[in-house]
Amino acid sequence: MLCNTKEMLQKALNEKYAVAQFNINNLEWSKYILEECQKNLSPVILGVSENAIKYMGGYNTVSYMIKGLIKDLNITIPVSLHLDHGSSFESCKKAIDAGFTSVMIDASKYEIDKNIEIVKQVCEYAKTKDVSVEAEVGSIGGIEEDLKKEAHLAKVEDCIKLYNATKVDTIAPAIGSVHGLYKATLNLNYKRIKEIKDKLNIPLVLHGGTGIPKEDLKKTIECGIAKININTELQVVWSKDVREYLKNNKKIYDPRKIISSAQTNMKKIISNKLHIIDSCNRI
Ligand code: 13P
């Protein structure tokens, strides 16, 4: 069932667990994620970046592919199709018009008033189509889609200002996590998450879920995180397993065998994450 993130994240916030956003890059990843989340009865958010959308053919291709998989695989868990780090109103509109049920507008590179203005425009359009909206406050650092971002923690007053002006559904505050593999020691600001949660009482999003130890993930949920984004971890295991498979199977040329050689380990990671963030059996 394709739906927006409102109900699934509100339930997660109330019951203190988190819903996973796994990023997708192709048909195979989408299929593994849907199958594993269905097996664990976990609601799921399929995150797609603008570059991944372009790679797969476009907004409509992704939307029809996911709708087709949900139907053909008999997926009954709540699934949200979410634009990850939408860079403009136009990009969010394209996703919404193609049938995405949730969008992130990342205007965090602008100062807060401009960020608010863009988020507001997206929220107004999204509301007419029952699509949920996520905004970023502060700047989540690291490497995302080849772009390096400097990290700046979210200010509580900026989150309040943005929420009051837009009534956005969720906020991804920069709280010390980074996209991609961690080079420095992890330093999450739990106090900041809790302060924002106490003021707004809306589901908060943790970006950069790769490489964050189990206990830290659980602590962020205690403080108010209701959605956790994971991307790099799946990419790392996929590339490692495919390299290994090609090395050990020099005569195989069937692309289906090569591409799916990482299926077992990817599914293990997906299932393990769902158990850590306690989203199993939540539907
Ligand atoms: P990682 O690539 O660090 O897992 O982060 C994913 C993410 O936050 C997508 O928006």
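For the structure itself, look to the data block above.
Keep in mind the model is a prediction, meaning the values are calculated, not measured.

J.: I'd love a proper account of the site of the ligand, names of residues and values included.
T.: The local shell around the ligand holds 15 residues, among which D84, G208, T210, N231 and T232 are the closest. At 3.3 Å, a side-chain N or O of H179 approaches an oxygen atom of the ligand. Here an oxygen atom of the ligand sits 2.5 Å away from a polar atom, N or O, in the side chain of T232. If the ligand stood free it would expose 300 Å²; the protein chains cover 100% of that surface. Breaking the shell around the ligand down by element, the ones donating at least two residues are β3 (79-86), β9 (178-179) and β11 (225-230). Grouping the constituent residues of the shell around the ligand by class yields two nonpolar, eleven polar and two charged.

J.: Talk me through the pattern of salt bridges; I want residue IDs and the actual numbers.
T.: What the rule picks out here adds up to 15 salt bridges. D198 is the salt-bridge partner of K194, the closest N and O atoms lying 3.2 Å from each other. Placement of the pair is K194 and D198 together in helix α8 (residues 190-200), with a separation of four residues, close to one helical turn. On the basis of relative accessible area, K194 is assigned to the partly exposed category, the value being 39%. Taken together, the shared-partner salt bridges in this structure form one network comprising K11, E15, D278 and R282.

J.: Report on the nonpolar core, specifying residues and quantitative values.
T.: Membership of the largest hydrophobic core comes to 80 residues, with the highest contact counts inside it found for F22 and I171. Among the elements that line this core, the one with the most residues is helix α6 (residues 112-128), at eight residues. Beyond its immediate stretch of four places on either side in the chain, F22 contacts I33, C37, V44, I45, L46, G47, I230, L234, I270, K273 and L274. Within the second largest apolar cluster, eight residues are counted, among which are M8, V19, I45 and A226.

J.: For the state of the cysteines, give the residues involved together with the corresponding values.
T.: In the structure shown here, the tally under the stated rule is zero disulfides. Lacking any disulfide linkage, C92 is separated from the closest cysteine sulfur, that of C123, by 9.4 Å. Exposure remark for C123: the relative accessible area of 7% places this residue in the buried category.

J.: Break down the packing of helix α2 (residues 27-39) against helix α4 (residues 59-72) for me, citing the residues and quoting the values.
T.: Here α2 crosses α4 at 40 degrees, and the two axes come no closer than 11 Å. When the axes of α2 and α4 are compared, the pair comes out oblique. Of the two elements, α2 crosses α4, and the hand of that crossing is right-handed. Contacts between α2 and α4 involve L27, S30, K31 and L34 from the former and M65, I66, L69 and I70 from the latter. A breakdown of the residues in the contact of α2 with α4 according to their chemical character gives six nonpolar, one polar and one charged.

J.: So what's going on with α2? Which residues, and what values?
T.: Each turn of an α-helix holds 3.6 residues, which means side chains three or four residues apart point in the same direction. Spanning 13 residues, α2 covers 18 Å between terminal C-alpha atoms, matching the ideal 18 Å at 1.5 Å per step. Along α2, the residues classified as buried are W29, S30, Y32, I33, L34, E36, C37 and Q38. At the N-terminal end of α2, a side-chain oxygen is found 3.2 Å from the backbone nitrogen of E28, two or three residues along, and the residue is N26. In the stretch just after α2, L41 is the one whose phi turns positive, near 50 degrees.

How each quantity is defined
Residues numbered from 1 in each chain as written. Predicted model: local features only at pLDDT ≥ 70, side-chain atom pairs only at ≥ 80, totals over all residues. Heavy atoms only, no water. Near = heavy atom within 4 Å. Polar contact = N/O pair within 3.5 Å; in protein donor to acceptor, adjacent residues only side chain to side chain. Areas by Shrake-Rupley, 256 points an atom, 1.4 Å probe, with all protein chains shown as cover. Helix = DSSP H or I, 4+ residues; strand = E, 2+ residues; numbered from the N terminus. Nonpolar A, V, L, I, M, F, W, Y, C, P; charged D, E, K, R; others polar. Salt bridge = Lys/Arg side-chain N within 4 Å of Asp/Glu carboxyl O. Buried < 20%, exposed > 50% of the residue type's maximum accessible area, 1.4 Å probe, protein only. Core = buried A, V, L, I, M, F, W, Y, C linked by side-chain atoms within 4.5 Å. Contact = heavy atoms within 4.5 Å. Disulfide = S-S within 2.5 Å. Axes fitted to C-alpha atoms, helices over the stretch in contact; angles between N-to-C directions. Parallel < 35°, antiparallel > 145°, perpendicular 65-115°, else oblique. Left-handed = near helix turned anticlockwise from the far one by under 90°. Expected span 1.5 Å × (residues − 1).

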